[in-house]
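Here are the chains, one letter per residue:
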Amino acid sequence: MAKVLAERLGEQESKMEKALLEIEYLKSLNSIGLIFPVYGWGLPLAVEQWIDRLPSLPVGFAAQQALYVYSVLTCGDDIGRTDALLRQRLAAKGWPLQAVFSVQMRNTYVCLPGFDTDQPDLVETKEKVLQERLKAIAACIDRRQDSTKADVTPGSFPWLKTYVLRPLFNSWLTNDRHFHVDTKQCIGCGRCERLCPLHNIRLTKENAPEWMGHCTHCLACYHVCPKHAIRYGLFTKGKGQVRINF
Ligand SMILES: Cc1cc2nc3c(=O)[nH]c(=O)nc-3n(C[C@H](O)[C@H](O)[C@@H](O)COP(=O)(O)O)c2cc1C
Ligand code: SF4
Ligand code: SF4
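Residues numbered from 1 in each chain as written. Chains lettered and ligands numbered in written order. Predicted model: local features only at pLDDT ≥ 70, side-chain atom pairs only at ≥ 80, totals over all residues. Heavy atoms only, no water.

Participant: Any chance you could explain the environment of Asn-175 here in plain terms?
Facilitator: The residue Asn-175 is located in the loop between α7 (158-173) and β4 (179-181) in this model. Relative accessible area serves as the criterion here: at 10%, Asn-175 is assigned to the buried category. A C-alpha to C-alpha distance of 20 Å links Asn-175 and Arg-191, two positions 16 residues apart in sequence. For Asn-175, the contacting residues outside a window of four places in its chain are Cys-215, His-217 and Tyr-232. A polar atom in the side chain of Asn-175 sits 2.9 Å from the backbone nitrogen of Arg-177. (Helix = DSSP H or I, 4+ residues; strand = E, 2+ residues; numbered from the N terminus. Buried < 20%, exposed > 50% of the residue type's maximum accessible area, 1.4 Å probe, protein only. Contact = heavy atoms within 4.5 Å. Polar contact = N/O pair within 3.5 Å; in protein donor to acceptor, adjacent residues only side chain to side chain.)

Structural data, given as structure tokens:
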């Protein structure tokens, strides 16, 4: 997603973990896009931590630089009030946020009853809509427009989801305590270990994954396993996987 948008806009793509922005570097930029998935109707833990490490902008800096900050939030269904959480977190650092867009993509969340990967026809529909939506978003960004309420999909009961359900979701489910591996299925290929963005998995002497307690719950390990051997408690029984190019 970030790559596609960067290409359309003629901008440079950078992974969040590598882009801890220094004030001096910011002086050379006039627009910054933050592109990340919505987890539990809010920001992924790793994104919250990244924002907290950003430099605080001096008063007047953003206006002086005419800095345009936008965000594209990817989701399976809806974002609740993630846009408000993001705006508030950036504002605490003196950062502006002129535009927030949400886009629906394939759903990766499978760890609760009733949540599963999308059926192929839904994936296809989402993909078609996405292409058109990206064109419209790129045009707005190109014109450095402010977004409107219509640019995000809060879904039903957004306040309840973000401010009541999200804290419960985070304290019970945003961790790796419930991950385990079906050792009869696991072939010890190490794909889960290599793909984990937080290096939170290591292979034991028996070549099975072991989780080390600092997880952002992206589920990349679950989806990338070629043997579908990774489980999250009992909730992933019979659930699908999305294809990950790796
Ligand atoms: C832990 C987790 C929580 C999620 N929470 C939401 C959510 O609150 N709303 C939503 O529409 N999609 C949710 N999703 C789905 C993803 O946002 C969506 O499939 C997509 O943005 C994933 O992108 P990624 O492959 O870059 O992680 C969640 C996915 C995960 C793994
Ligand atoms: S790959 Fe697995 S262990 Fe690593 S952060 Fe994502 S969910 Fe957690
Ligand atoms: S990706 Fe699957 S098969 Fe490979 S080591 Fe991890 S759990 Fe085992």
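Participant: Would you mind showing me how to read the domain arrangement of the protein here?
Facilitator: Accessible area lost upon the coming together of the parts serves often as the stated size of an interface. If you check the domain split of the protein, you get domain 1 (2-171) and domain 2 (176-232). The partner domain 2 presents nine residues to the 10 residues of domain 1 that form the contact. Across the domain 1/domain 2 interface, buried area totals approximately 760 Å², and carbon plus sulfur atoms make up 65% of it. Put simply, domain 1 and domain 2 have zero salt bridges between them. For the pair domain 1 and domain 2, the number of links is two residue pairs in polar contact (both at pLDDT 80 or more). Along the lines of polarity and charge, the residues of the side of domain 1 that touches domain 2 split into seven nonpolar, three polar and no charged. (Domains from an automatic or database assignment. Buried area = accessible area lost by both parts, 1.4 Å probe. Salt bridge = Lys/Arg side-chain N within 4 Å of Asp/Glu carboxyl O. Nonpolar A, V, L, I, M, F, W, Y, C, P; charged D, E, K, R; others polar.)

Participant: When you look at the site of ligand 1 in this model, what are you seeing that I'm missing?
Facilitator: The environment of ligand 1 is formed by 17 residues, the closest being Val-38, Trp-41, Thr-74, Asp-77 and Arg-106. Interatomic distance of 2.8 Å between a backbone N/O atom of Gly-40 and a nitrogen atom of ligand 1. Thr-108 is positioned such that a nitrogen or oxygen atom in its backbone is 3.0 Å from an oxygen atom of ligand 1. In isolation ligand 1 exposes 630 Å². Once the protein is present, 86% of that is buried. The residue inventory of the shell around ligand 1, partitioned by class, reads eight nonpolar, six polar and three charged. Each of domain 1 (2-171) and domain 2 (176-232) gives at least three residues to the shell around ligand 1. (Near = heavy atom within 4 Å. Areas by Shrake-Rupley, 256 points an atom, 1.4 Å probe, with all protein chains shown as cover.)

Participant: What should I look at first to understand the side chain of Thr-174 in this one?
Facilitator: Along the chain, Thr-174 falls in the loop between α7 and β4. A residue is classified by how much of its surface remains accessible, and Thr-174, at 16% relative accessible area, is buried. A distance of 2.9 Å separates the side chain of Thr-174 from the side chain of Asn-170, its partner in a polar contact. With residues near it in sequence (within four places) discarded, Thr-174 still touches Phe-169, Thr-216 and His-217.

Participant: Could you clarify how one ought to interpret the sheet that holds strand β2 (residues 68-75) in this entry?
Facilitator: By way of backbone hydrogen bonds, the strands of a sheet pair with one another, either parallel or antiparallel. Reading across the sheet, the three strands line up as β1-β2-β3 and stay open at both edges, with parallel pairing between neighbours. Bordering the open sheet on either side are β1 (31-37) and β3 (99-104), each of which pairs with just one other strand. The average undirected angle you get between the axes of adjacent strands in this sheet is 15°. Judged from the seven bridges that link them, β1 and β2 form a sheet pairing that is parallel. The partner of Phe-36 across the bridge, within β2, is Leu-73. Across the sheet, helix α6 (residues 120-142) touches β2 and β3, and the angle it forms with β3 is around 170°. (Pairing = 2+ DSSP bridges. Axes fitted to C-alpha atoms, helices over the stretch in contact; angles between N-to-C directions.)

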